[in-house]
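Fold and geometry: a report
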Amino acid sequence: MNNMAIDWKRDSQSFDTVAELYEAYRPGYPESLVEQILTTTGIPKRGRILEIGSGTGKATALFAQRGYSILCIEPGKHLARIARQKLVAFRKVKFQITTFEDWEDDGNLFDLVISAQAFHWVTQEIRCQKTAHILKPLRHLAIFWNHYLPLETSLHQKLNQVYQQYAPELAAGKPTPHKDIQYWINELTENEYFDLVEVIRFPWRENYSTHHYLGLLNTYSDHLRLPKERRQQLFAGVKEVLEQEGGGIEKPYEAVAYIARKRSSTVG
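Residues numbered from 1 in each chain as written. Predicted model: local features only at pLDDT ≥ 70, side-chain atom pairs only at ≥ 80, totals over all residues. Heavy atoms only, no water.

**Re the overall build of the chain**
- Scanning the chain for helices and strands turns up 12 helices and seven strands.
- The buried share of the chain, taken over its 268 residues, is 52%.
- Contacts spanning at least 24 positions in sequence make up 81% of the contacts within the chain whose residues lie at least 6 apart.
- In the structure as shown, the chain presents an accessible area of about 13,000 Å², 49% of it carried by carbon and sulfur atoms. (Helix = DSSP H or I, 4+ residues; strand = E, 2+ residues; numbered from the N terminus. Buried < 20%, exposed > 50% of the residue type's maximum accessible area, 1.4 Å probe, protein only. Contact = heavy atoms within 4.5 Å. Areas by Shrake-Rupley, 256 points an atom, 1.4 Å probe, with all protein chains shown as cover.)

**What about the environment of Asn 218?**
- Checked against the element boundaries, Asn 218 lands in the loop between α10 (210-217) and α11 (221-224).
- Taking the C-alpha atoms as reference points, Asn 218 and Val 162, separated by 56 residues in sequence, lie 16 Å from one another.

**Re the pattern of salt bridges**
- This model, assessed by the stated rule, comprises 13 salt bridges.
- With a shortest N-O distance of 2.8 Å, Arg 81 and Glu 20 are connected by a salt bridge. In this pair, Arg 81 sits in helix α5 (residues 77-86) while Glu 20 sits in helix α2 (residues 19-25), placing the two residues 61 residues apart along the sequence.
- The partly exposed category is assigned to Arg 81, whose relative accessible area is 32%.
- Its relative accessible area of 44% is what places Glu 20 among the partly exposed residues. (Salt bridge = Lys/Arg side-chain N within 4 Å of Asp/Glu carboxyl O.)

**A short note on helix α6 (residues 124-134)**
- Along α6, the positions that sit buried rather than exposed are Arg 127, Cys 128, Lys 130, Thr 131, Ala 132 and Ile 134.
- For α6, the elements touching its buried residues are β1 (48-52), β4 (110-116), β5 (135-148), α9 (177-189), β6 (194-209) and β7 (248-262).

**Points about the side chain of Glu 51**
- With respect to the helices, strands and loops of the structure, Glu 51 is situated in strand β1.
- Look at Glu 51: it is buried, it has no salt bridge, and the nearest opposite charge is Lys 86 at 9.5 Å.
- A distance of 2.5 Å separates a polar atom in the side chain of Glu 51 from a polar atom in the side chain of Thr 60. (Lys, Arg positive; Asp, Glu negative; His and termini not counted. Polar contact = N/O pair within 3.5 Å; in protein donor to acceptor, adjacent residues only side chain to side chain.)

**Regarding the packing of aromatic side chains**
- Scanning all chains against the criterion turns up 11 aromatic pairs.
- A ring pair is formed by Phe 100 and Trp 103, whose centres lie 6.1 Å apart and whose planes are at 20°; its orientation type is stacked. For the pair formed by Phe 100 and Trp 103, the shared burial category is buried.
- Summarising the aromatic geometry, the rings of Trp 145 and Tyr 258 are spaced 6.0 Å apart at their centres and angled 75° between planes, so their arrangement reads as edge-to-face. Linking Trp 145 in strand β5 with Tyr 258 in strand β7, this pair joins segments that are 113 residues apart in sequence.
- Through successive ring pairs, a cluster of aromatic residues spans Phe 119, Trp 145, Tyr 183, Trp 184 and Tyr 258.
- Here Arg 48 stacks its cationic end above the ring of Phe 110, 4.6 Å away from the centre of that ring.
- Taking NZ or CZ as reference, Lys 251 lies 4.1 Å from the ring centre of Tyr 148, over its face. (Phe/Tyr/Trp six-rings, centres within 6.5 Å; stacked < 30°, edge-to-face > 60°. Lys NZ or Arg CZ within 6 Å of the ring centre and 35° of its normal.)

Next up, the structure:
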């Protein structure tokens, strides 16, 4: 994963412009993954959690339901608005509209820092250092993603042909899940702030109708970067293939969490 290729301002704004779609179509996370994170980190029942990039609160809700106090750092005001509305019953969940880079910790310390689908957006030079700074001694960072597992079926081959025609830059060159996983293992074992404790992997699957799948594609930052006309052509091509193949698609995912413990030698 190459942070140099990421324009955080542009992509964060693109997510915020499709906040309703993000809430409606982006997948959530397995309950078993959250339970394993809580078991491995040993966070106390009254522990304080900081979430980096909470989006519409898909991961936030899973921790809030378990009674934790959560401070959500989210730069997108529309994403945060949806999360606030959804989590209004959880009085111990608070939001600050800012990036993690600009957020002022005011000396507060946390028992756990989590980040779902978002840690890679934080500037690489500061993300581990600043996270360690706000964690209590020997407490944990848990970051997790849903990885799409590509398949070599006739349906996926037909979809790839559509991408080759209308968006060839999206048809090739993406890192494989294995490379992405290895990237984060390396980052969390080759820094002075954390020791990698555990990598948790949960395979699961989601069935999408054509309508829901196109909604999902409309939340991907690389698709949103496409010129409008090309994006419309791409989506029309995808729709045609899916309708010819039964009106939907099954996507295999693997939810992967990385749990790292703040080193005892880390100061602050």
